[in-house]
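Below are the chains, spelled out letter by letter.
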Amino acid sequence: MLITTSNPNAPLSSDITPESVYLERRTLLKSLGYIGTGSLLLPHWANAAIARPYDVAPERTNAPAWLKQKINARQLQANSTGESLTPYDSVTTYNNFYEFGLDKSDPAENAGTLKMEPWKVTVDGLCNKAGIYTLEDILKPHALEDRIYRFRCVEAWSMVVPWLGFSLADLIKRFEPKSDAKYIEFTTLVDKEQMPNQRGGSLDWPYVEGLRLDEAMNPLAIMAVGVYGRSLPPQNGAPLRLITPWKYGFKSIKSIVRIRFTNTQPKTTWAVMAPSEYGFYANVNPAVDHPRWTQSRERRLPASLFNPNWRPTLPFNGYSKEVAALYRNMDLRQYF
Ligand SMILES: Nc1nc2c(c(=O)[nH]1)N[C@H]1C(S)=C(S)[C@@H](COP(=O)(O)O)O[C@H]1N2
Ligand SMILES: [Mo]
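Since we're looking at a predicted model, the values are computed, not measured.

This part takes up the overall build of the protein chain. Helices and strands together make up the secondary structure of the protein chain, namely ten helices and twelve strands. Here the analysis covers contacts within the protein chain between residues at least 6 apart in sequence; of these, 72% occur between residues at least 24 apart. Total accessible area on the protein chain stands at roughly 14,800 Å², and carbon and sulfur atoms take up 53% of it.

Spelled out as structure tokens, the structure:
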């Protein structure tokens, strides 16, 4: 037992955690550099009856204090895929966020300029509760929970990530979409000062994504405000991003400032940029290849040249049971 605690009554991690998760936790702690130094401050929930499936990461973000407080007061629930988590360092240094550059390492290096406070979200279109909401307004009624999801990028890397967020369906209900609203559209911030790569034309800014409303109401879809028990680092789309784990990563739009309800299919960034390569639906589908590479397998991070860590990709990224019914009568080759 390498973990020591100042509270003699605290249960040992090995008492409250299933063995496999405990080993996974040790691996994570090792990767974060905690094990081997002799002592560790247990996080505040270590005494709770519910074992956490991961240990919180160090706080590295400039999120507002009220958000950090809300995150620390979140609902405790273990919810695991049974797979090893991708280490925090991989999740937060291997990113796509073109507003900060095109290389996977650019967002972590450049996104420190993103200001999270004040943050406003405009809600408009076909709904009864249109308006401009502060981030605090948006978050106030929602309890935050841990959601461990597989996440797969079109470029064939994949991760298992403990996001922290809340139900998108619950958020949508608050805005009372009208009966003719069929789609929801999300838009990322445009600000050339904060997002230096918006000075160039690598994409048509702002980044726009969207979902059919019934997809958005699926319980798997969440708005994330944190990862690994902490507020989202800017490179992961702080302060508010979408997560749709059965779709390719590009649907999970970051740093959202606008939510719009509409009866026409939104013109989403990648589907407009390269319509033969990226569709509106973007459901993870090993049977439909990207024109330039196969989608039948994925490289689970952490991976390296010598350990590429390839594994087969699952239909809907393994979430068929939850989402396949949404696409029952659709040809998934046509609607990719
Ligand atoms: N605004 C915005 N959102 C974005 C992107 C982007 O470039 N800009 N990249 C997308 C892509 S291609 C992926 S794979 C995921 C990456 O999320 P992560 O860096 O948190 O893993 O974010 C998505 N959301
Ligand atoms: Mo991606």
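That was the structure; now back to the text.
Before going further, it helps to examine the site of ligand 1. Near ligand 1, the surroundings consist of 18 residues, among which Asn 95, Tyr 98, Glu 99, Arg 241 and Lys 254 are the closest. Between a nitrogen atom of ligand 1 and a main-chain N or O atom of Ser 252, the distance comes to 2.9 Å. Counted by class, the shell around ligand 1 contains nine nonpolar, six polar and three charged residues.

This paragraph deals with the pattern of salt bridges. Tallied over the full model, the rule gives 16 salt bridges. The salt bridge partner of Arg 258 is Asp 124, with a shortest N-O separation of 2.8 Å. Taken together, the residues Arg 258 in strand β10 (residues 256–262) and Asp 124 in strand β1 (residues 120–125) connect sequence positions 134 residues apart. Two residues, Arg 152 and Glu 298, come together in a salt bridge whose shortest N-O distance is 3.3 Å. Here Arg 152, found in strand β3 (residues 145–152), pairs with Glu 298, found in strand β11 (residues 297–300); they are 146 residues apart in sequence, far enough to count as distant. A relative accessible area of 0% means that Arg 152 is categorised as buried. By sharing partners, the salt bridges in this structure join Glu 83, Arg 150, Arg 152, Glu 298, Arg 300 and Arg 311 into a single network.

Attention now moves to the packing of aromatic side chains. Centre-to-centre distance and the angle between the planes together describe a pair of aromatic rings. Counting across every chain of the model gives 16 aromatic pairs. An angle of 85° between the planes, with centres 4.9 Å apart, marks the rings of Tyr 94 and Trp 157 as edge-to-face. Of the two residues, Tyr 94 sits in the loop between α4 (88–93) and α5 (106–110) while Trp 157 sits in strand β4 (residues 157–167), which places them 63 residues apart along the sequence. The structure contains a cluster of three or more aromatic residues connected by ring pairs, namely Tyr 183, Phe 280, Tyr 281, Phe 316, Tyr 327 and Tyr 335. Taking NZ or CZ as reference, Lys 251 lies 4.2 Å from the ring centre of Phe 280, over its face.

Now for the side chain of Lys 254. Here Lys 254 lies in the loop between β9 (241–243) and β10. Glu 99 provides the closest opposite charge to the buried, salt-bridge-free Lys 254, at an N-O distance of 7.6 Å. In this structure Lys 254 touches Asn 95, Asn 96, Phe 97, Thr 188, Gln 235, Asn 236, Gly 237, Leu 240 and Arg 241, once residues within four positions along its chain are discounted.

Counting residues in each nonpolar core, the largest one holds 86 residues, and the members touching the most others are Trp 163, Leu 168, Phe 186, Ile 259 and Phe 261. Apart from the residues within four sequence positions on either side, Leu 168 is in contact with Phe 186, Leu 211, Ala 216, Ala 221, Ile 222, Met 223 and Leu 242.

Here the focus is the sheet that holds strand β2 (residues 131–134). Strands sit in the order β2-β1-β10-β5-β6 across an open sheet of five strands; the sheet is mixed. Two strands lie at the open edges of the sheet, namely β2 and β6 (208–212), each paired on one side alone. The average undirected angle you get between the axes of adjacent strands in this sheet is 20°. Bridge analysis of strand β5 (residues 183–188) against β10 gives six bridges, and the strand direction is antiparallel. Following the sheet pairing, Ile 184 is matched in β10 by Phe 261. Sheet contacts for helix α7 (residues 168–175): β1, β2, β5, β6 and β10; angle to β10, the most-contacted strand, approximately 65°.

Basis of the calculations
- Residues numbered from 1 in each chain as written.
- Chains lettered and ligands numbered in written order.
- Predicted model: local features only at pLDDT ≥ 70, side-chain atom pairs only at ≥ 80, totals over all residues.
- Heavy atoms only, no water.
- Helix = DSSP H or I, 4+ residues; strand = E, 2+ residues; numbered from the N terminus.
- Contact = heavy atoms within 4.5 Å.
- Areas by Shrake-Rupley, 256 points an atom, 1.4 Å probe, with all protein chains shown as cover.
- Near = heavy atom within 4 Å.
- Polar contact = N/O pair within 3.5 Å; in protein donor to acceptor, adjacent residues only side chain to side chain.
- Nonpolar A, V, L, I, M, F, W, Y, C, P; charged D, E, K, R; others polar.
- Salt bridge = Lys/Arg side-chain N within 4 Å of Asp/Glu carboxyl O.
- Buried < 20%, exposed > 50% of the residue type's maximum accessible area, 1.4 Å probe, protein only.
- Phe/Tyr/Trp six-rings, centres within 6.5 Å; stacked < 30°, edge-to-face > 60°.
- Lys NZ or Arg CZ within 6 Å of the ring centre and 35° of its normal.
- Lys, Arg positive; Asp, Glu negative; His and termini not counted.
- Core = buried A, V, L, I, M, F, W, Y, C linked by side-chain atoms within 4.5 Å.
- Pairing = 2+ DSSP bridges.
- Axes fitted to C-alpha atoms, helices over the stretch in contact; angles between N-to-C directions.

Everything listed is a geometric property; what it means functionally is a separate question.
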